[in-house]
Amino acid sequence: MHPLLPSLLAAFLYTGTTAYQGLRLSRRATPDKRLLVLGGGLALLAHGAALILQLLTPGGLYLDFFNSASLIAAAVILLTLVAVARIPIENLLLLLLPLGTLTTLAAALVPGGTSQAINEEPGILAHILLSILAYGLLTMAMFQSLLLLLQDYQLKHKHPSGLIRSFPALQTMESLLFGFLWAGWSLLSLSLISGWVFVDNLFAQHLAHKTILSCIAWVVFSVLLWGRHQLGWRGHKAIRWTLAGFCLLMLAYFGSKLVREFILHI
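The notes below deal with the structure included here. Bear in mind that the values here come from a model prediction, so they are computed numbers and not experimental data.

Residues Leu190, Ile193, Trp196, Val197 and Phe198 make up a contiguous nonpolar surface patch of roughly 510 Å² in combined accessible area. Position of Phe198 among the secondary structure elements: in helix H7 (residues 170-198).

Moving on to the packing of helix H3 (residues 65-84) against helix H5 (residues 122-156). Packing of H3 against H5 brings their axes to within 8 Å, and their N-to-C directions diverge by 60°. As for how H3 packs across H5, the hand of that crossing is right-handed. Facing H3, whose interface residues are Leu71, Ile72, Ala75, Val76, Leu79 and Thr80, H5 presents Ile132, Leu133, Tyr135, Gly136, Leu137, Thr139 and Met140. When its residues are assigned to classes, the contact of H3 with H5 shows 10 nonpolar, 3 polar and no charged.

Turning our eyes to something else, we now look at the pattern of salt bridges. According to the stated counting rule, one finds 4 salt bridges in the structure shown. Of the charged contacts, one joins Lys33 and Glu90 as a salt bridge, the two residues approaching to 4.0 Å between their closest N and O atoms. Of this pair, Lys33 sits in helix H2 (residues 33-55) while Glu90 sits in the loop between H3 and helix H4 (93-109), and the two are 57 residues apart along the sequence. Residue classification places Lys33 among the partly exposed residues on the basis of a relative accessible area of 33%. Given a relative accessible area of 18%, Glu90 falls into the buried group.

Next up on the list: the packing of aromatic side chains. In total, this model carries 3 aromatic pairs according to the counting rule given. Consider the rings of Trp182 and Trp185, whose centres lie 5.9 Å apart with planes at 85°: the pair is edge-to-face. Taken as a pair, Trp182 and Trp185 lie in helix H7 at a separation of 3 residues, close to a single helical turn. Judged by relative accessible area, which is 41%, Trp182 ranks as partly exposed.

The next thing to look at is the nonpolar core. Ranked by internal contacts, the top residues of the largest apolar core, which has 65 residues, are Ile89 and Leu181. Elements that contribute at least two residues to this core include exactly helix H1 (4-26), H2, H3, H4, H5, H7, helix H8 (208-231) and helix H9 (235-263). In terms of residue count, H5 provides more of this core than any other element does, 13 residues in total. When residues are assigned to domains, this core turns out to be shared by domain 1 (1-119) and domain 2 (121-265), each giving three or more. Once residues lying within four places of it in the same chain are set aside, the contact partners of Leu181 are Leu138, Ala141, Phe221, Leu224, Leu225 and Thr242.

Take the packing of H3 against H4 next. It is at 8 Å that the axes of H3 and H4 come closest, and there the two elements cross at 150°. Between H3 and H4, the crossing angle belongs to the class labelled roughly antiparallel. For H3 against H4, the interelement crossing comes out left-handed. In this structure, H3 contributes Phe66, Asn67, Ala69, Ser70, Ala73, Val76, Ile77, Thr80 and Leu81 to the contact, and H4 contributes Leu93, Leu96, Leu97, Leu99, Gly100, Thr103, Thr104, Ala106 and Ala107. Looking at side-chain class alone, the contact of H3 with H4 contains 12 nonpolar, 6 polar and no charged residues.

Cut-offs used in this document
- Within every chain, residues take consecutive numbers counted from 1 along the sequence as written.
- In keeping with the predicted nature of the model, local features appear solely for residues at pLDDT of at least 70, side-chain atom pairs appear and are counted solely at 80 or more, and the whole-chain, interface and lining totals rest on all residues.
- To obtain the side-chain values, all non-hydrogen atoms of the structure were included, while hydrogens and water were left out.
- Patch criteria: residues need more than 30% relative accessible area and no salt bridge. Like-charged residues are merged within 9 Å; nonpolar side chains of Val, Leu, Ile, Met, Phe, Trp and Tyr are merged within 5 Å.
- Method for areas: the Shrake-Rupley scheme with a 1.4 Å probe, in which residue coverage is limited to the protein chains shown.
- Put simply, a salt bridge is a Lys or Arg side-chain nitrogen that is within 4 Å of an Asp or Glu carboxyl oxygen.
- Secondary structure elements follow DSSP: runs of H or I of four or more residues count as helices, runs of E of two or more count as strands, with numbering from the N terminus.
- Convention adopted: a line fitted to C-alpha atoms gives each axis, helices being fitted over their contacting stretch, and angles between N-to-C directions are expressed from 0 to 180 degrees.
- A crossing counts as left-handed when the near helix is turned anticlockwise from the far one by less than a right angle, and as right-handed when that turn is clockwise.
- Contacts are assigned to residue pairs that have any heavy atoms within 4.5 Å of one another.
- In the scheme used here, Gly and all other residues not listed as nonpolar or charged are polar, with Ala, Val, Leu, Ile, Met, Phe, Trp, Tyr, Cys and Pro taken as nonpolar and Asp, Glu, Lys and Arg as charged.
- Each residue is assigned to one of three classes by its accessible area relative to the maximum for its type, calculated with a 1.4 Å probe on protein chains only: buried under 20%, partly exposed between the two thresholds, exposed over 50%.
- Think of it this way: a Phe, Tyr or Trp ring, Trp meaning its six-membered ring, pairs with another when their centres are within 6.5 Å, and the plane angle makes it stacked under 30 degrees, edge-to-face over 60, tilted otherwise.
- The definition of a nonpolar core used throughout is a set of buried Ala, Val, Leu, Ile, Met, Phe, Trp, Tyr and Cys residues joined through side-chain atoms within 4.5 Å.
- Per the annotation, domain bounds derive from an automatic or database assignment of domains.
- Each angle receives one of four descriptions, namely roughly parallel if under 35 degrees, roughly antiparallel if over 145, roughly perpendicular if within 65 to 115, and oblique otherwise.

Now the structure itself:
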């Protein structure tokens, strides 16, 4: 099977679920959580089928720029759908499902760069998996911080929209943000440790920028979590630090892959 077929199906289901959620919120009605999980789950299954066809090659794991973006988007959506059953974060799907649409279509339709298939030992693959999960949770934190910023702005200006009316209390939203940050920081720490253990030279020419930026992002998130625990940081300060750390992390991974695969062709 060509990966385009499940990619198109995934995009259709992601878009339909997003449209349903957006329509309900525009009417100031609460979307049915079960329908959101069902629609998102079916889309994720199709997305996963496309990823299997794109990633698994005879030469190993093919993680080029767009496949990587698609894989991380799928991981983020999966984590969100699992978490929705326990915590009120279904509004994140309004941002994440369109991301799933874009990444699965890009992976299927846009030609890849010069990335080579990865055929490494289990330790390297574990490092890659930890990195993807860390990026996934910190992506959830980034989107949560944007929703928190929007909620804070609209409440201060006293004109909450239908979307904001469906949010949990501001304090709950903030607690969820730091929950994502703690989990993402923990996995990022494990990812960096596994990299030091299993990668021969993290400061080789093609890894140096990724390593340095990832370490700086780790420091940024560490300072933010320390500031929250020791100084009670919250609100806009927490949001700014979250966005700064996320930008560094994405630049570390996707920035280096973009330059290597599409500019330097190495």
